[in-house]
Amino acid sequence: MKVELKIWRYDASTGERALRPYEVDVSEEATLLDTLDVVKDRLDGTLAYRKSCRMMICGSCGMRVDGGAVLASKTGIADIAPDGHVPVVSAMGNLPILKDLVVDMDPFWQKMRSIQPYLEPRLDRATEGENIVPQERMDVIHKESLCINCGCCV
């Protein structure tokens, strides 16, 4: 499948920002992350982006496509580039950009470290055995407990 995409490139040393088009052949099952790998390997080795697990677990591949936050390892290229649509890929807009699609996560992590956890252990009972949290208290935070700390929603 022939795919065209546009990627916002950014050089922090010069402050230069440019929207660059790329055209690659990828399989229909390819993800956006697979497509970025092809761009980096075959067309432009200077493209910078983050990746780690490739399985939608770590959140390091968070970025924006057409203005919406996505995980590149979860997003199918066929879903974002149907019928010749040219998606625009950019860094997350809520954190300082270091280079291309890589953002500085320090402000995010500082905020995460500054909050108190919703469920705190009962240290007065820590030696008596397991600290079991009632299900009704867990139900309140179930959705938030699935967070992978990618920073896309901030």
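To be clear, the structure that these remarks concern was listed above.
Residues numbered from 1 in each chain as written. Predicted model: local features only at pLDDT ≥ 70, side-chain atom pairs only at ≥ 80, totals over all residues. Heavy atoms only, no water.

**Student:** So, the overall build of the chain: which residues are in play, and what are the values?
**Tutor:** On a plain count of helices and strands, the chain comes out with four helices and seven strands. Reading the secondary structure of the chain in the N-to-C direction produces β-β-α-β-β-α-β-β-β-α-α. Expressed as a percentage of its 154 residues, the buried residues of the chain come to 33%. A sequence separation of at least 24 residues applies to 50% of the contacts in the chain between residues at least 6 apart. Across the chain, 19 positive and 24 negative side-chain charges occur, with their mean positions spaced 4 Å apart. (Helix = DSSP H or I, 4+ residues; strand = E, 2+ residues; numbered from the N terminus. Buried < 20%, exposed > 50% of the residue type's maximum accessible area, 1.4 Å probe, protein only. Contact = heavy atoms within 4.5 Å. Lys, Arg positive; Asp, Glu negative; His and termini not counted. Charge placed at Lys NZ, Arg CZ, Asp CG, Glu CD.)

**Student:** Can you explain the pattern of salt bridges? Please cite residues and give values.
**Tutor:** Inspection of the entire model under this criterion finds nine salt bridges. Notably, a salt bridge pairs Asp 37 with Lys 51, separated by 2.8 Å at the nearest N-O pair. Of this pair, Asp 37 sits in helix α1 (residues 32-43) while Lys 51 sits in the loop between α1 and β3 (62-65), and the two are 14 residues apart along the sequence. Take Asp 37: its relative accessible area is 10%, and that puts it in the buried class. (Salt bridge = Lys/Arg side-chain N within 4 Å of Asp/Glu carboxyl O.)

Just distances and angles here, no functional claims.
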